[in-house]
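Working through the structure, step by step
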Amino acid sequence: MPDPVRLPYSQLDQLPDRDPEETAEWRESLDAVTQAAGPQRAAYLMRRALEHTAAPHLAPLETDYTNTIPTSAEPAFPGDEAMEARITAWNRWNAAAMVTRGSKLGLGGHIATFASAAWLYETGFQHFFRGKEGDGSGDQLYIQGHASPGIYARAFLEGRLTEEQLDHFRQEAGGEGLPSYPHPRRLPWLWEFPTVSMGLGPLSAIYQARFNHYLKHRGIKDTANSHVWAFLGDGEMDEPESTAALALAGREGLDNLTFVINCNLQRLDGPVRPNYKIVQELESQFRAAGWNVVKALWGQAWDEIFALDTDGALLRRLRETPDAQFQTYATRDAAYLREHFFGAEPSLRALGDSLSDATLLELFQTSRAGHEPRKVYAAYRAAVEHKGAPTVILAQTVKGHTLGTGFESRNANHQMKKLTMQEFRTMRDLLELPIPDSALEGDLVPYWRPADDSPEMVYLRERRAALDGPAPARTVAAKPLPMPADKIFDALKKGSGSQEIATTMAFVRLVKDLMRDKETGRRWVPIVPDEARTFGMESLFPTAGLYSPKGATYDPVDRDQLLWYKEATDGQILNEGITEAGSLADFTAAATSYATHGEPMIPFYIFYSMFGWQRTADQFWALADQLGRGFVIGATAGRTTMTGEGLQHADGHSHLIASTNPAALSYDPAFAYEVAVIVKEGLRRMYGENPEDVFYYLTVYNETKVQPAMPAGVDEESILRGLYRYQEAASPAADSPKMQLLASGTAIHWALEAQQLLAADWGVAAAVWSAPSWTELRRDALACDEARLNGEDRVPYVTRALAGAPGPVVAVSDWMRAVPDQIAPWVEQDWVSIGTDGFGLSDTRDAARRHFGVDPQSVVVQALAALARRGEVKPETVKEARQRYGL
C-alpha cells in the first residue's frame, strides 16, 4: 500500500487545544524517539498508547465527528458563488417541477435525493467534471440513480433537453421520453453508466478506474486526465457489491477514483444506522482498505460552536448521538434541542443557552457541509490532488433539503413524489427565484429558465466550455475494426483429426491465434476469475502476461517452467482472483471502451459456468443497459459434464437465465467448427461496419471428443440461426419408422449414439440435428409472429428447417427441458424434450446422465415412446427397451 501523502492541514486544527504546551511536549517526544530509534519505534509506541487507553473511539481508523478540512485550510473558491447558487436553485426547481408534473399520471419519481445532493453535483459540474470534447474520454460520472431528475434539470438549463422532453419523464413507450434513471440504452447520448441497481455503481466505478490504468499501461490510450467520480448514498453502501472491491482500489492506488457518499443518514424507509453512526463506520471501513478519507460534515455555522467547545463536550455529544436521533434534531424546535442535545451535561447546557433560537435551528436543520459550495469544493480539490490512493468523500446533507418541512429529514420522503403549489411558493421564496405569483396560480407548476443571454446562462456555458463540454455525455467515435483473416478460423473448421479436444480448449486455441493478429490482437482482453489453468489458458501467461500495475515484485516460483506465471505492467490478461462480480465489472469496462474512450476492445470473460449468470445476472442486465460488446464464455458447461463436482457446480440453467437478456446472443455449440463460425460472426456484428450493441454467450465443455471437420453442405447461416441437419438417417428399411433427434452442446454425442442404437436394435431411422441456439430460434419465431400480426407472410426459421421432416421430434441437451422447450410452439411435428431438470449431483458422467435420463439409451427409450404414441411401434417395445438397457 502506498504511503499516504501528508495533507497541508489537520482535522485537529479546528478544535480548541486546552493545553498547547502539553501538545508540543508530546510532539517533541515523538520526534526524539523517531530520531533516536526510527519511525517504526515511534509508531509502535503510539499503538501501545492507544491500546492502553482501551477506548474504542481512539481507534486509528476513526477520527472525530467533524470536518477533515478546517475552514481555515479551505482553498480559495474559484467561482462566483452567488451565480452558482442561482443556477443550482433553477436546477432544484425544475427537478421538483418535472417529478411533480409527472405524478399527475401516477408515474412517480424521486425528489428528496437530488435535493440533498444538489451542491455535490453542481460544484462538480462547475469546476471538476470534464466533458468529452477534449481527449474524447473526459471524466466518468456514476450518477446516483435517484438523483436523475437533477441531471435532467441541468441538461434542460443547458439547452440539451426541452420542456416537452421533461414532460415525458418516465414516459418512454412513444420513443421520445426520458428514462426514470441513468439508462444508456434508453438515452444513449446522455447516460454512460447504469447505476440504479444499487451496489453495482460503486463496484463498476472501481473497475472502470482500474481499466483506465490498464489502457494506459498497455499503450492503448493515455487516460491520465480521466477521473472516475461515483456518487453514492450512505444506505447503498450496505449492498455487498458496494464494498466488495475497496481493497483492490486501495491496493492498486487508484488515485483516479473518487467516491462521493451522500450521507443524509436516510435510506429508503428510514435511518441508515438508527442506533449507530454511518459516517464513522464508513470512515473506518475505507481507511482500513487504504483509501484517503475526507469528511465534509458541518457547515460554516458550526465553526464558532466548535471553538467554544473548550473541554470536548460537544465532540463527545456528537459522537455518541445516534443517527436516528440526529435526524429527529433536524425536525424539532429550539427548546427540544436545548433540552435533549445540550442538556446532556452542564458545560453543554451552558453552551446551548448562549445560542439564539435561530442559531440552533440553523445548526441542526440546514448547516451541513454538503450544502455549502466552499466546503464541497475543498473536499473535491483535496480528492483530485491526493496521490497514491483513491479518495472517499463522506458529505453530510439533509435529505429533502429546500423542499420544506414536510420533506426534510422525514422517513417517508423517499416515497413522496410531488409538492403542492403552496410548497412550491415556499420553495421559490427560499431559493429567491424570480417566479411571479401569477405563474403559480394554475394546477401545473411551470418550468423556469433564464434567458439565453442572461448572466447565469453565459456563466454556465463558459464553465462547461472550460471543462471540455457537457457532462454527462456519451459518444461513440470508435472506428470499425478490420476482420481477422479467414485462415485463423479455418483451423477449427478442419477438425482435430484423431486428437480428442474439448470445445473449451478449441475456443482457447482460437482466441490465442486471434491475439496474434497484427491489427486487432492487442485489443483482446482475456478476463478470468482465477480458473485460467482449469480452462487450459496457462499457455497465454508467458506470452500475453497477466496485468499488474506493479509488474512482478517477486521471483515467480515457476519461473524456470515453460508456462510460468508472468505478471507485467503491460500484461494483457486480467486474472481477477475469486470474484465473478469483479471479473464482470472488468468485462463491462472493456466492453464499453468503444464509447467511454473511443477505443474498441474485445473482451472475453471465461468462467466456471455455474458461477456466471446465476451469480451475477443483475450485472449482465446492467451490461446490456450499458450497451456492452464482447464474448462471455461459460466453460465447464452443462449439468452432467462436471465429474464429481456436484450440486453447486453443475449448471443446467444458465441458458434459460441468459435467454431473458435481450442483448445476449446465446449459443451452445456442439463442435469446434461451430465455435469458429459463431466467434467470427460475433466479431463482424460487434466490431465491423454498423456494429450492434449485443454480446455473445457461448457455453463450452470440458469433455474431450474428436472434433469433426465442418460437413460439406452445412452453411454458416444455418449454424448462426440455430439449427441444421448434421447427419441424415440411415434407414434400415424403406418402411421403417422415422424421427428427428435435435441436440445442442455435448448432447450431440448422445444423440449420435442413440441414432445408431435406434437403427441397429429397433429398426428406427433417426436424423440428427445440431441446435447451436435454442434461444435465437425462439427469438426469430417471436419476430415472425409479430410480423404476421402486421400482415407480413413470415414463417419461423425452425418451422421451415424442419418442414417435411418425418416422424416426431425428440430434443435433448445437458440443460433443463425449458431450454429446448423454447421452440416447441413452432415445431409442427410431435414434440418431446428431455433434459437435466433438478439439482446436480456428484458422480461419473455416465452415472449422472443415466440419473437424469439423458444418456443414449434413455434417448432411445424416449424416442420409442414418442413413436408408440403415434402407433408406429408397438407399446410393449418401450418396456422391452427399458429392460434391455437396464433403465
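These numbers were taken from a predicted model, which means no experiment stands behind them.

Notes on the packing of helix α33 (residues 856-869) against helix α34 (residues 876-885)
At their nearest, the axes of α33 and α34 sit 9 Å apart, and the two run at 170° to each other. Relative to α34, the element α33 is oriented roughly antiparallel. Note on element contacts: α34 touches α33 through Thr877, Val878, Ala881, Arg882 and Tyr885, opposite Gln857, Val860, Val861, Leu864, Ala865 and Ala868. The class makeup of the residues in the contact of α33 with α34 is 8 nonpolar, 2 polar and 1 charged.

With respect to the pairing of strand β2 (residues 228-233)
A large share of β2 lies buried, amounting to 6 of its 6 residues. Sheet analysis places strand β1 (residues 140-142) next to β2, joined by 3 bridges and oriented parallel. By the bridge assignment for β2, Gln140 is matched with Val228. Both β2 and strand β3 (residues 257-263) contribute to a ladder of 6 bridges, which runs parallel.

Some points on the side chain of Arg319
Within the secondary structure, Arg319 is located in helix α12 (residues 313-320). Engagement of the side chain of Arg319 in a polar contact is seen with the side chain of Asp64, the distance being 3.3 Å.

A word on α34
For α34, the full list of buried residues reads Thr877, Val878, Ala881 and Tyr885. Each buried residue of α34 sits inside an arc of 100° when the element is viewed along its axis, so together they form one side. Structural note: α34 exposes Lys879 and Gln883 on the side pointing more than 90 degrees away from its buried face. For α34, the secondary structure elements touched by its buried residues are α29 (747-762), α32 (845-852) and α33. Taken from the residues just after α34, Gly886 is the one with a positive phi, measuring 70°.

What to know about the sheet that holds β2
What links the strands of a sheet is backbone hydrogen bonding, and the strands pair in either a parallel or an antiparallel sense. What the 5 strands build is an open sheet, ordered β1-β2-β3-β5-β4; its pairing is parallel. Edge positions in the open sheet fall to β1 and β4 (292-296), since each of these has one partner strand only. Across the sheet, the axes of successive neighbouring strands diverge by a mean angle of 15°, strand direction being ignored. Alignment of β4 against strand β5 (residues 391-396), held across 5 bridges, turns out to be parallel.

Quick word on the layout of surface pockets
Taken as a whole, the second largest pocket spans an internal volume of roughly 700 Å³. Among the elements that make up the lining of the second largest pocket, the one with the highest residue count is helix α3 (residues 81-103) (6 residues). Per-class residue counts for the lining of the second largest pocket are 8 nonpolar, 11 polar and 8 charged.

Overview of the pairing of strand β12 (residues 631-635)
Here β12 lies mainly inside the structure; 5 of its 5 residues are buried. Neither face of β12 is open: one carries Phe631, Ile633 and Ala635, the other Val632 and Gly634, and all of them are buried. Chirality of the crossover, the property in question, places the unit of strand β11 (residues 602-608), helix α25 (residues 613-625) and β12 among those that are right-handed.

Examining the environment of Gly370
Relative to the helices and strands, Gly370 resides in the loop between α16 (357-365) and α17 (373-385). On the accessibility criterion, Gly370 (0% relative accessible area) is buried. Taking the C-alpha atoms as reference points, Gly370 and Gln396, 26 residues apart in sequence, are found 5.4 Å from one another. Contacts of Gly370, omitting those with residues within four sequence positions, involve Ser116, Trp119, Leu120, Ala296, Val376, Gln396 and Thr397.

What about the pattern of salt bridges?
Under the criterion given, the structure shown has 47 salt bridges. Among the ionic pairs, Asp323 bridges to Lys277, the shortest N-O distance being 3.8 Å. Of this pair, Asp323 sits in helix α13 (residues 323-329) while Lys277 is found in the loop between β3 and α10 (278-288), placing the two residues 46 residues apart along the sequence. Lys277 shares its class with Asp323; the two are buried. Connected through salt bridges with shared partners, the residues Glu122, Arg154, Glu158 and Arg160 form a single ionic network.

Thresholds, definitions, all that
- Residues numbered from 1 in each chain as written.
- Predicted model: local features only at pLDDT ≥ 70, side-chain atom pairs only at ≥ 80, totals over all residues.
- Heavy atoms only, no water.
- Axes fitted to C-alpha atoms, helices over the stretch in contact; angles between N-to-C directions.
- Helix = DSSP H or I, 4+ residues; strand = E, 2+ residues; numbered from the N terminus.
- Parallel < 35°, antiparallel > 145°, perpendicular 65-115°, else oblique.
- Contact = heavy atoms within 4.5 Å.
- Nonpolar A, V, L, I, M, F, W, Y, C, P; charged D, E, K, R; others polar.
- Buried < 20%, exposed > 50% of the residue type's maximum accessible area, 1.4 Å probe, protein only.
- Pairing = 2+ DSSP bridges.
- Polar contact = N/O pair within 3.5 Å; in protein donor to acceptor, adjacent residues only side chain to side chain.
- Arc of directions from axis to C-beta.
- 1 Å grid on protein atoms, 1.4 Å probe; cavity = no way out; pocket = protein on both sides within 12 Å on 5 of 7 lines; lining within 4 Å.
- Points joined across faces, edges and corners; volume = space filled by probe spheres on them.
- Right-handed = clockwise from strand over helix to strand, strands pointing away.
- Salt bridge = Lys/Arg side-chain N within 4 Å of Asp/Glu carboxyl O.

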